[in-house]
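Residue strings, one per chain:
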Amino acid sequence: SCHISLFTFIERERVRVGMSKLLHTPLCSSIHCRSFSAITLSKSPLPIHLIPPLSPLHFQYRVSPYTQLSKPQPLLHSFPNSNHHTKNFSIRAFDSSSETKNSALSSEKDKEPKSSETEGESRSEDDNRGSVHDYPSGEFEFKEFGAWKSFVVKLRMLVAFPWERIRKGSVLTMKLRGQISDQLKSRFSSGLSLPQICENFMKAAYDPRISGIYLHIEPLNCGWGKVEEIRRHILDFKKSGKFIVGYVPACGEKEYYLGCACEELYAPPSAYFALYGLTVQASFLGGVLEKAGIEPQVQRIGKYKSAGDQLMRKSMSEENCEMLTTLLDNIYGNWLDKISLTKGKKREEIDNFINEGVYQVERLKEDDWITNIKYDDEVMSMLKERLGLQEDKNLPIVDYKKYSRVRKWTLGLSGGKDKIAIIRASGSISRVRSPLSSPSSGIISEQFIEKIRTVRESKRYKAVIIRIDSPGGDALASDLMWREIRLLAASKPVIASMADVAASGGYYMAMAAGIIVAENLTLTGSIGVVTGKFNLGKLYENIGFNKEIISRGRYAELTAAEQRPFRPDEAELFAKSAQNAYKQFRDKAAFSRSMTVDKMEEVAQGRVWTGKDAASRGLVDAIGGLSKAVAIAKQRANIPQDRQVTLVELARPSPSLPEILSGIGNSIVGVDRTLKELLQDLTVSEGVQARMDGIMFHKLEGASYANPVLTLIKDYLSSL
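Residues numbered from 1 in each chain as written. Predicted model: local features only at pLDDT ≥ 70, side-chain atom pairs only at ≥ 80, totals over all residues. Heavy atoms only, no water.

Concerning the sheet that holds strand 7 (residues 264-267)
In spatial order, the strands read 11-7-5-4-1-12; together these six strands make up an open sheet with parallel pairing. Each having just a single partner strand, strand 11 (372-373) and strand 12 (397-399) make up the two edges of the open sheet. Two elements, strand 5 (residues 243-247) and strand 7, share three bridges in a ladder whose sense is parallel. The residue of strand 7 that forms the bridge with Gly246 is Leu265. Sheet strands touched by helix 7 (residues 194-206): strand 1 (170-178), strand 4 (210-220) and strand 5. Its angle to strand 1, the strand with the most contacts, is close to 160 degrees. In this fold helix 15 (residues 376-386) packs onto strand 4, strand 5 and strand 7, with an angle of close to 170 degrees to the strand it touches most, strand 5. (Pairing = 2+ DSSP bridges. Helix = DSSP H or I, 4+ residues; strand = E, 2+ residues; numbered from the N terminus. Contact = heavy atoms within 4.5 Å. Axes fitted to C-alpha atoms, helices over the stretch in contact; angles between N-to-C directions.)

A few points about the pairing of strand 4
Most of strand 4 sits inside the fold, with eight of its 11 residues counted as buried. Pairing of strand 1 with strand 4, which is carried by eight bridges, proceeds in the parallel orientation. Across the sheet, the residue bridging to Val171 is Gly212, located in strand 4. Relative to strand 5, strand 4 runs parallel, the two being bridged by five bridges. Counterpart to Leu215 in the pairing with strand 5 is Gly246. Regarding the hand of the β-α-β motif, the stretch spanning strand 4, helix 8 (residues 224-238) and strand 5 is right-handed. (Buried < 20%, exposed > 50% of the residue type's maximum accessible area, 1.4 Å probe, protein only. Right-handed = clockwise from strand over helix to strand, strands pointing away.)

As for the nonpolar core
Membership of the largest hydrophobic core comes to 63 residues, with the highest contact counts inside it found for Phe201, Leu215, Phe273, Trp335 and Trp369. If you tally residues by element for this core, the top one is helix 7, at seven residues. Among residues more than four places away in sequence, those in contact with Phe273 are Val248, Cys251, Ala267, Val358, Tyr359, Val361, Leu364 and Ile370. One finds Ala489, Tyr582, Trp609 and Ala614 within the second-largest nonpolar core, a separate group that totals 53 residues. (Core = buried A, V, L, I, M, F, W, Y, C linked by side-chain atoms within 4.5 Å.)

Observations concerning unusual backbone geometry
Even without a glycine there, the phi angle at Gln605 is positive, about 60 degrees. Residue position: Gln605 is located in the loop between helix 22 (597-603) and strand 22 (608-610). The buried category is assigned to Gln605, whose relative accessible area is 18%. In this structure, Asn638 is a non-glycine residue whose phi angle is positive, near 60 degrees. Tracing the chain through its elements places Asn638 in the loop between helix 24 (626-636) and strand 24 (646-649).

Comments concerning the pattern of salt bridges
Within this structure, the stated rule accounts for 37 salt bridges. Taking the shortest distance from any N to any O, the salt bridge between Arg564 and Glu557 comes out at 3.0 Å. Accessibility assignment for this pair places Arg564 and Glu557 in one class, buried. Overlapping salt bridges bring together Asp182, Glu229, Arg232, Arg424, Arg467, Glu519 and Glu649 as one network. (Salt bridge = Lys/Arg side-chain N within 4 Å of Asp/Glu carboxyl O.)

Examining the packing of aromatic side chains
If you walk through the whole model with that rule in mind, you get 14 aromatic pairs. With a centroid separation of 5.2 Å and an interplanar angle of 40 degrees, the aromatic rings of Tyr256 and Trp369 are classed as tilted. Of the two residues, Tyr256 sits in helix 9 (residues 253-259) while Trp369 sits in the loop between helix 14 (361-366) and strand 11, which places them 113 residues apart along the sequence. The burial state of Tyr256 is the same as that of Trp369; both residues are buried. Three or more aromatic residues link up through ring pairs in this structure, and these residues are Phe140, Phe142, Phe145 and Tyr206. (Phe/Tyr/Trp six-rings, centres within 6.5 Å; stacked < 30°, edge-to-face > 60°.)

With respect to a nonpolar patch on the surface
Among the surface-exposed residues, Trp148, Phe151, Leu155, Leu158, Val159 and Trp409 lie close enough to one another that they form a single nonpolar patch of about 690 Å² accessible area. As for its position among the elements, Phe151 is in helix 6 (residues 147-158). Take Phe151: its relative accessible area is 42%, and that puts it in the partly exposed class. (Patch = residues over 30% accessible without salt bridge, like charges linked within 9 Å, V, L, I, M, F, W, Y side chains within 5 Å. Areas by Shrake-Rupley, 256 points an atom, 1.4 Å probe, with all protein chains shown as cover.)

A look at helix 13 (residues 347-355)
All of the buried residues in helix 13 are Ile350, Phe353 and Ile354. Down the axis of helix 13, the sector holding all buried residues measures 100 degrees, keeping them to one side. Residues Glu348 and Asn355 are exposed on helix 13 and point more than 90 degrees away from its buried face. Looking at the packing, one finds that the buried side of helix 13 touches helix 12 (318-343) and helix 14. Gly357 sits one or two residues past helix 13 and shows a positive phi near 70 degrees. (Arc of directions from axis to C-beta.)

What follows is the structure in structure tokens.
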């Protein structure tokens, strides 16, 4: 009866105001889009029994765990009095039918007039989702405190905790080297934390006790996403008018990328400069395993899904070579562009200088690549002179760890009443914690889901930012988190912010958010799956080992019989299972990003993209760091951009026993992680994997996702 009355209403309205206006009535949101299109495209009212049924794929989504999110109302609710965008989900994201049906719907959609209010916001299937929208930039603006606020800050400094007290005129020193975690670090943890590094830059800009920053930059072991974030904060700090001086005893492309952003850059006479260009490496164990009598039987779906190649192949595939070449060209091109802009030189000049293979520090000074040649003590003396200190006086300095304990409240930088939650997800994805893993190792879906549900049920938070730095992992765990993030996005704005990498399972999580923000050189995408097992028959034969299995059930030995290869029927079932997992991943990606399945297939296939390329292909919405994500979250939550907000970190680490005891057990954790990457992650007993493979970018990616054999050797040697 609902449809019969609806037909009558539609006919009456079509006569009165015409088809074009009917398509924009509020009625459109209260009925199913597919049924509505079927009705309005027909020349006469259809009987109920002739209404086209939903496609099988559409039905699948309606009965899947996210059924209630497939209701007619928008998945991202229009919040009261909010001016943020609402993502328009296309009905073709559900439909895998023929091109004829798709083109019919598309042509009808193209005929629809757009209101001026939504003309810039709505997106057709051919729109460039990476184009510039009216997202706020989130750019840092330094504003001097007024007299009253300055007085309040001075009072707070007088009553501050002893560890927050710093001499006036101090210089903040930070040593950037090695790995940089995207997680917050406890006071007992070793290593650097990106959130604390960035916060220190901001605090130092406003702290009247800090005169400037002396930045030691040594070989870094992190990705370009984090490097870009740090560079942005260096440039932001310079807006305060305080000095920032860099010092590079050993310098490659990544280190120079940060150093050249400083006002001045110094190096000792014996400095190691290796500005020779960038490389990408891929190592293969196929020949080694073959000689050992081990046969990897791997199913990877997606021609660019190179996870598993490391075990199966002896050389690089054409598709993998194409993908890695594109990634390397993007990263190297970005480096040339930024350096040429900073140094005021032409891109060709920078490229030619790199190709000359210059290593002499004197030549670097002559060509204005560094400010001067000085030892560390000479730079310190220069800073004392700049601050007007006598030679016999020590330069007042405060190091990174001590300054990290200074609260933002003490400096008058604490946020307002509106709160935005930040949930950090770093590392490999698994469903449950390994007995040997540390509390801060990887993303455990059970714990992550608890945080998501806590935020969803709380009324304290106006918006949520999910900060992702993960190459992926367990596909089931990724899907469970995807579901919870979708539910959260139905109740409040959710923004995904990507760091170094958010690929495969990491992207699976991100695509559930309303808006995805990535750095230019974030590695993302890799929409594909991989699973497999090892056939150890020849190895067992060589060493005289035997294993026999008694089973019931045709496929009972599918994963248990590692002493033999798959039977033909087992191999077929195994392949179908992997293909099904890929289709679910791809179709949910299409659904989440408002794409057709066919269009998503073009950018999926397990291919890894940089953030910039992902934005131009609709996988990412905006380019920027955490500050941009915060600005977009404020916009979506209808919070004025000039109003301070309180960022609540929900993943503050608790110090573990190994951390307190100066890292005892690090090697155990490292070996555990390496063995999982090398063996367990590809076995079906651990589940289908949505994982980006271990691409090793020389001077680009750290050991976190590098060659597992080398990592194993390193962990073993470090334990001796």
